[in-house]
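So you can see what is in the structure, the chains are spelled out below.
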Amino acid sequence: MTDGPTFRSELGRARGLGAAKDGVQHWWTQRLTALALVPLTIWFVASVVGLAGADHAAVTAWLGSPPTVGLMILLVGATFNHTQLSFQVVIEDYVHHEALKVAAIILVKFACLALALASVIALLVIAFGD
Amino acid sequence: MPTHERPLSPHLQIYRPQLTSVLSFLHRLTGVALGGGTLLLVYWLIAAAAGPAAFATAQELIGSFLGRLLLFGWTIALFYHLGNGVRHLVWDAGFGLGLPAVYASGRALIVFTIVATLASWGLGYGMMP
C-alpha cells in the first residue's frame with residue numbers, strides 16, 4: 001500500500017484496465033502514431049512539392065525506389081492506424097445509438113484496413129511490377 | 001444503462017468562442033477532413049500503379065480548379081493538424097499548459113499554418129515546368 005489517499009477501487013487497481021476494458025492502449029497508440037507521422041508527413045509533403053508537375057515516369061521512379069517504398073508503407077500504416085483510432089473517438093462522441101455506434105466503428109476499422117492494404121499493394125506493384 | 005434527467009455542465013452554446021476552444025474544434029474538424037483526404041492519396045497511388053494513362057487522368061483531376069481547391073484546403077488542414085498535433089504531444093509530455101503558453105502556442109500555430117501552406121504552394125508552383 002502506498003502512502004496518502006487513493007481514489008481507485010480495489011477491483012480497478014487489480015485489473016488496471018478502466019471503463020473501456022483496454023487500459024491506455026487506444027490513447028497511447030494514437031500518440032505513438034502521431035509522433036511517427038510528424039517526420040513522415042513533413043517528408044511526404046516536401047517530396048510531393050518537389051514532384052509538382054512531374055510525369056508518370058518520374059513519379060513512379062521516386063515511388064518505386066526502396067527508401068520511398070519503405071517510408072511510404074510506414075506513412076500509410078501510421079496514417080490509417082491514426083485515422084481509425086481518431087474516427088472511433090469522434091463516433092463514440094456523437095453517435096449515441098449503441099448498434100449504430102458499433103457498426104460505424106467496425107465499418108471505419110475495415111475501411112482503414114482496406115485502404116492501407118490497397119496503398120501497400122499499389123506501392124509494391126510500382127516497385128516490383130514490370 | 002438507466003437514463004435519468006441529470007443536470008449537464010454548461011455546453012458549447014453557453015460559452016463565447018475563445019482561441020483555445022476554436023483551435024480545439026478545428027483540430028477535430030481538420031482531422032476528419034484529412035481522413036477524407038486519404039482517399040485522394042490512395043487513388044493517386046493506385047493510379048500511379050495502374051500506368052501512365054490512369055495517372056494522367058488522376059493528374060488532370062487533381063490539377064483541375066476543383067482539384068486544386070481541395071488540395072489547397074487539405075494543405076491547410078494538414079499543416080494545422082500537424083502543428084496542433086505537436087502542441088498536443090508537448091502538452092501530453094506536461095509542458096506548456098499554463099494559459100499564457102497555451103495562447104502563445106495557439107497564435108504560433110496560426111502563423112505556422114499560413115506560412116507553411118503558402119511556402120509549399122509557392123515552392124510547388126516554382127517546380128512546375
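Residues numbered from 1 in each chain as written. Chains lettered and ligands numbered in written order. Predicted model: local features only at pLDDT ≥ 70, side-chain atom pairs only at ≥ 80, totals over all residues.

1. Quick notes on the overall build of chain A
And then number 1: Along its length, chain A carries five helices and zero strands.
And then number 2: Reading chain A from its N end, one meets helices and strands in the order α-α-α-α-α.
And then number 3: Counting across all 130 residues of chain A, residues that qualify as buried make up 19%.
And then number 4: Considering only contacts in chain A between residues 6 or more positions apart, those separated by 24 or more positions represent 70%. (Helix = DSSP H or I, 4+ residues; strand = E, 2+ residues; numbered from the N terminus. Buried ≥ 20, exposed ≤ 12 C-beta atoms within 10 Å, placed from the backbone. Contact = placed C-beta atoms within 7 Å.)

2. So, the interface of chain A and chain B
And then number 1: If you look at the interface, chain A gives 26 residues, while chain B gives 24 residues.
And then number 2: When residues of the side of chain A that touches chain B are traced back to their parent elements, those giving at least two are α2 (25-50), α3 (56-63), α4 (66-94) and α5 (98-128) of chain A.
And then number 3: Looking at which element gives the most residues to the side of chain A that touches chain B, the answer is α2(A), with eight residues.
And then number 4: For the side of chain A that touches chain B, the class distribution of residues is 16 nonpolar, nine polar and one charged. (Nonpolar A, V, L, I, M, F, W, Y, C, P; charged D, E, K, R; others polar.)

3. Quick notes on the packing of α2(A) against helix α3 (residues 65-92) of chain B
And then number 1: The N-to-C vectors of α2(A) and α3(B) enclose an angle of 145 degrees; their axes lie 10 Å apart at closest approach. The two elements α2(A) and α3(B) cross, and the hand of that crossing is left-handed. Mapping the contact onto sequence places Arg31(A), Ala34(A), Leu35(A), Val38(A), Thr41(A) and Val45(A) in α2(A) and Leu78(B), Leu82(B), Gly85(B), Val86(B), Leu89(B) and Asp92(B) in α3(B).
And then number 2: Looking at the contact of α2(A) with α3(B) residue by residue, the classes come out as eight nonpolar, two polar and two charged. (Axes fitted to C-alpha atoms, helices over the stretch in contact; angles between N-to-C directions. Left-handed = near helix turned anticlockwise from the far one by under 90°.)

4. A short note on the packing of helix α1 (residues 19-50) of chain B against α3(B)
Residues and elements named next belong to chain B.
And then number 1: Look at α1 against α3: their axes get within 9 Å of each other, and the N-to-C directions meet at 125 degrees. With respect to α3, the element α1 is oriented oblique. Seen from above, α1 lies across α3 with left-handed handedness. Contacts from Leu23, Leu26, His27, Thr30, Gly31, Ala33, Leu34 and Gly37 in α1 reach Trp74, Ala77, Leu78, Tyr80, His81 and Asn84 in α3.
And then number 2: For the contact of α1 with α3, a count of residues per class yields eight nonpolar, six polar and no charged. (Parallel < 35°, antiparallel > 145°, perpendicular 65-115°, else oblique.)

5. Focus: the nonpolar core
Nonpolar side chains tend to gather and get buried jointly when the protein is soluble and globular.
And then number 1: Core analysis: the biggest nonpolar cluster contains 21 residues, and Ala122(A), Leu123(A), Ile126(A), Leu45(B) and Ala48(B) have the highest contact counts within it.
And then number 2: Elements with a contribution of two residues or more to this core: α2, α4 and α5 of chain A together with α1 and α2 (52-63) of chain B.
And then number 3: Once residues lying within four places of it in the same chain are set aside, the contact partners of Ile126(A) are Thr60(A), Leu63(A), Gly64(A), Ala48(B) and Ala49(B). (Core = buried A, V, L, I, M, F, W, Y, C linked by C-beta atoms within 7 Å.)

6. A word on α2(A)
And then number 1: A rise of 1.5 Å per residue sets the reference length of α2(A), with its 26 residues, at 38 Å; its end C-alpha atoms lie 37 Å apart and thus fit the reference within 8%.
And then number 2: Its axis deflected by about 35 degrees at Leu37(A), α2(A) carries its strongest bend there, up to four residues before the proline Pro39(A).
And then number 3: If you check which residues of α2(A) are buried, you get Thr33(A), Ala34(A), Leu37(A) and Thr41(A).
And then number 4: Looking at the packing, one finds that the buried side of α2(A) touches α4 of chain A together with α3 of chain B. (Expected span 1.5 Å × (residues − 1). Bend = angle between axes of the 7 residues up to and from the residue.)

7. Observations regarding the confidence of the model for chain B
Note: predicted coordinates in regions of low pLDDT should not be interpreted at a detailed level.
And then number 1: Overall, the prediction assigns chain B a mean pLDDT of 93, with 98% of residues at 70 or greater.
And then number 2: Confidence estimates for the predicted assembly give a pTM of 0.88 and an ipTM of 0.89. (pLDDT = per-residue confidence, 0-100.)

8. Notes on the environment of Leu63(A)
And then number 1: Tracing the chain through its elements places Leu63(A) in helix α3.
And then number 2: Among the residues examined, Leu63(A) registers 20 C-beta atoms within 10 Å and is labelled buried.
And then number 3: Sequence separation of Leu63(A) and Ala127(A) is 64 residues, and the distance between their C-alpha atoms is 7.3 Å.
And then number 4: Look past the residues within four positions of Leu63(A) in its chain and what remains in contact with it is Thr68(A), Met72(A), Leu123(A), Ile126(A) and Ala48(B).

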